[in-house]
Amino acid sequence: PAVTEISHYLSMAGGKRLRPMLTALGARAVGFEGKLERLMCVGEMLHLGSLLHDDVVDDGQERRGKPAAQKVYGNPAVILTGDYCFARGVAIAAEDGGLTAVTALAHTVTQMSEGEVLQLLNEGNLELDLDTYMSIIDKKSAALVAWCAAAGAWAKEDMEAGEALRTFGHNVGIAFQIADDVLDYVGEKRFTGKRRGKDLAQRKFTLPLLIAMDRVPSLRERLSVGNPSPERIPALIAEVRECGAADEAIRIAQERVDIAVESLSVLPLSPEREALEALAHFVVQRSR
């Protein structure tokens, strides 16, 4: 009962449900005819587990408009619930996806862990380069999105389609994270679920900030002394936007979307393939 209560506390608070949608569309696009309900849950369960762990590691105060779970239930219970979500997700992948799918998921969980450690080691590092940033979001976010998109193809042992969908999901995952980063500078709370400038207030290294610090060198110097005060945030946001950093980040995200859509060309035309293409474009359009 405790695991159910803690996991429901976060899962019922909202979320985009992007990962189960990708699993359903990807599977139907390659002709998978079996039941999908459980397989669709795998990506969301791993995502949920990672969020529970993230908030403990980061001492998060709020998630999806509510106090972070560990503020309500305590660190030990939340960590163990996150572990359960990971374990149960892997078990379902084995039972409903088969050997290829669960083996790929094991590698995905490894990448997610590597991404978390890499991000932790570089916390507050304003000298981080583009390659390291891309490696973090590739492992931490895109790897799981890629698995979700390809899971149905792997379940039916269609390796060519699985690789196409993995490439699609990988690039959509990167574009999704970049767009999320941009929303910290251009979004509204009713669309994003978080206050504008929250990442900036914590000096969280994101692509718009990386680009802005390259274009406005004094910005790195000013941020290096510590987290900016709340009253400074609006001016800093304006500075990042005015130098074109947010627009350039969206351009890079759009390039990833174009690669993702092209990767689907090996799949037969279908409503599901069209929906995947539309979803990929929406990932970037929501930040404009």
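Quantities reported herein were computed from a predicted structural model and do not represent experimental measurements.

(A) Region of interest: the overall build of the protein chain. Broken down by element type, the protein chain carries 14 helices and 2 strands. A globule of 288 residues ought to have a C-alpha radius of gyration of about 19 Å, and the protein chain, at 19 Å, matches this closely. Sequence separation of 24 or more characterises 71% of the internal contacts of the protein chain that already satisfy a separation of 6 or more. Considering the protein chain, the positive charge centre built from 33 side chains and the negative charge centre built from 41 side chains are found 5 Å apart.

(B) Inspection of the state of the cysteines at higher detail. All chains considered together, the criterion is met by 0 disulfides. No disulfide involves Cys 85; its sulfur sits 11 Å from that of Cys 41, the nearest cysteine.

(C) Structural detail: the pattern of salt bridges. Under the criterion given, the structure shown has 14 salt bridges. Residues Glu 44 and Arg 17 are paired through a salt bridge, measuring 3.3 Å at the closest nitrogen-oxygen approach. Of the two residues, Glu 44 is situated in helix α3 (residues 37-58) and Arg 17 in the loop between α1 (2-11) and α2 (18-29); the sequence distance between them amounts to 27 residues. The shortest N-O distance in the salt bridge between Asp 96 and Arg 38 comes to 2.9 Å. Separated by 58 residues along the polypeptide, Asp 96 in helix α5 (residues 75-121) and Arg 38 in helix α3 bring together distant segments of the chain. Since its relative accessible area comes to 27%, Asp 96 is described here as partly exposed. The class for Arg 38 is partly exposed, based on a relative accessible area of 35%.

(D) The packing of α5 against helix α6 (residues 130-155), seen in detail. In contact at an axis separation of 8 Å, α5 and α6 are set at 175 degrees when each is read in the N-to-C sense. Classed by the angle they form, the pair α5 and α6 counts as roughly antiparallel. Partitioning the contact of α5 with α6 into residue classes produces 13 nonpolar, 8 polar and 5 charged.

(E) Main features of the packing of aromatic side chains. Scanning all chains against the criterion turns up 2 aromatic pairs. When the centroid spacing of 5.6 Å and the interplanar angle of 85 degrees are considered together, the rings of Tyr 9 and Tyr 73 count as edge-to-face. With Tyr 9 in helix α1 and Tyr 73 in helix α4 (residues 69-73), the pair connects residues that are 64 residues apart, well separated along the chain. Judged by its relative accessible area of 15%, Tyr 9 is buried. Looking at Tyr 73, the relative accessible area reads 26%, which means it is partly exposed. Seen from the ring of Tyr 9, Lys 66 lies directly overhead, with NZ or CZ sitting 3.9 Å from the centre.

(F) Geometry of α6. End to end, α6 covers 35 Å across 26 residues, agreeing with the expected 38 Å (1.5 Å per residue, within 8%). Of all the bends found along α6, the most pronounced is centred on Ala 142 and spans about 45 degrees. One or two positions beyond α6, positive phi appears at Glu 157, with a value near 60 degrees.

Reading the values: rules and limits
- Residues numbered from 1 in each chain as written.
- Predicted model: local features only at pLDDT ≥ 70, side-chain atom pairs only at ≥ 80, totals over all residues.
- Heavy atoms only, no water.
- Helix = DSSP H or I, 4+ residues; strand = E, 2+ residues; numbered from the N terminus.
- Rg over C-alpha atoms; globule rule 2.2 N^0.38 Å.
- Contact = heavy atoms within 4.5 Å.
- Lys, Arg positive; Asp, Glu negative; His and termini not counted.
- Charge placed at Lys NZ, Arg CZ, Asp CG, Glu CD.
- Disulfide = S-S within 2.5 Å.
- Salt bridge = Lys/Arg side-chain N within 4 Å of Asp/Glu carboxyl O.
- Buried < 20%, exposed > 50% of the residue type's maximum accessible area, 1.4 Å probe, protein only.
- Axes fitted to C-alpha atoms, helices over the stretch in contact; angles between N-to-C directions.
- Parallel < 35°, antiparallel > 145°, perpendicular 65-115°, else oblique.
- Nonpolar A, V, L, I, M, F, W, Y, C, P; charged D, E, K, R; others polar.
- Phe/Tyr/Trp six-rings, centres within 6.5 Å; stacked < 30°, edge-to-face > 60°.
- Lys NZ or Arg CZ within 6 Å of the ring centre and 35° of its normal.
- Expected span 1.5 Å × (residues − 1).
- Bend = angle between axes of the 7 residues up to and from the residue.

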